[in-house]
Amino acid sequence: MKTLRTGIVGSGKVAATHAAVLKELPESRFSAVFSRSREKGQAFAARFGARAFTDLGAFLKELDVAVVCTPHPFHAEPTVAACRAGVHVLVEKPLASSLADCDAMIGAARDAGVKLGVVSQRRWYAPVRRVKRAVEEGLIGSPVLGTATVLGWRDEAYYRADPWRGSWQGEGGGILVNQAPHQLDLLQWFMGPVDSLCGQW
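Now for a look at the structure at hand.

What counts, and where the lines are drawn
- Residues numbered from 1 in each chain as written.
- Predicted model: local features only at pLDDT ≥ 70, side-chain atom pairs only at ≥ 80, totals over all residues.
- Heavy atoms only, no water.
- Helix = DSSP H or I, 4+ residues; strand = E, 2+ residues; numbered from the N terminus.
- Contact = heavy atoms within 4.5 Å.
- Axes fitted to C-alpha atoms, helices over the stretch in contact; angles between N-to-C directions.
- Left-handed = near helix turned anticlockwise from the far one by under 90°.
- Patch = residues over 30% accessible without salt bridge, like charges linked within 9 Å, V, L, I, M, F, W, Y side chains within 5 Å.
- Areas by Shrake-Rupley, 256 points an atom, 1.4 Å probe, with all protein chains shown as cover.
- Salt bridge = Lys/Arg side-chain N within 4 Å of Asp/Glu carboxyl O.
- Buried < 20%, exposed > 50% of the residue type's maximum accessible area, 1.4 Å probe, protein only.
- Parallel < 35°, antiparallel > 145°, perpendicular 65-115°, else oblique.
- Nonpolar A, V, L, I, M, F, W, Y, C, P; charged D, E, K, R; others polar.

### Quick word on the side chain of T70
Phase 1 of the analysis: Of note, T70 is situated in the loop between β4 (65-68) and α4 (76-84).
Phase 2 of the analysis: If we ignore the near neighbours within four places in the chain, the residues touching T70 are V9, G10 and H75.

Okay, structure coming up:
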């Protein structure tokens, strides 16, 4: 079994979850974290036994796989750089906050011949797997209509917690981009590829 050198871009909220798993996976040698904040990066690295970097290029030279855990408006830059450095990339959801960024990331991965993935962890939930199996095995017939209702709610404190939250420039589309990607992913996974799209607000 090949061991991959893994590292994380970003040292915020979700990064600790990824670091804990990357330290335990036998296929992973978690060794590096990149953070624009030297202090936060060093504290995170010390917690997980890794090296801290503030230079993205130097960080990428140490890796086979990078996990991008920054807020989604900042996914594109490190992802494109990683792809161009020949590093495979796993990105937290959503892939990015604009179509242009998504296209740039996908194009960079394709050009470099590296893997680019986005976190869709809810596909592994037991109830979700049962529904997927039922669809694939025809146990519930052939679905012709699927709906996703998102009843989540965020208070003012949530939006004040980070400066990118709650704005078109920062979030790129509000709840549709920030909270709903999980439900949209599952809807598409169950129902198949999208043929057409329209919207109303």
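### Observations regarding the packing of helix α1 (residues 15-24) against helix α2 (residues 38-48)
Phase 1 of the analysis: Two elements in contact, α1 and α2, have axes whose closest approach is 10 Å; the angle formed by their N-to-C orientations is 30 degrees. Seen from above, α1 lies across α2 with right-handed handedness. Residues A15, A16, A19, A20 and K23 of α1 form the contact with α2, whose participating residues are F44, R47 and F48.

### Comments concerning a nonpolar patch on the surface
Phase 1 of the analysis: On the surface, V150, I175, L176 and L184 cluster together to form a nonpolar patch covering roughly 320 Å² of accessible area.
Phase 2 of the analysis: Assessed through its relative accessible area of 31%, V150 is described here as partly exposed.

### Brief notes about the packing of α4 against helix α5 (residues 99-112)
Phase 1 of the analysis: Where α4 meets α5, the closest approach of the two axes is 8 Å, and the angle between their N-to-C directions is 10 degrees. The angle between α4 and α5 falls in the class roughly parallel. Every residue of α5 that contacts α4 at A76, T79, V80 and C83 is listed here: D101, A104, M105, A108, A109 and A112.
Phase 2 of the analysis: Within the contact of α4 with α5, the residues separate by chemical class into eight nonpolar, one polar and one charged.

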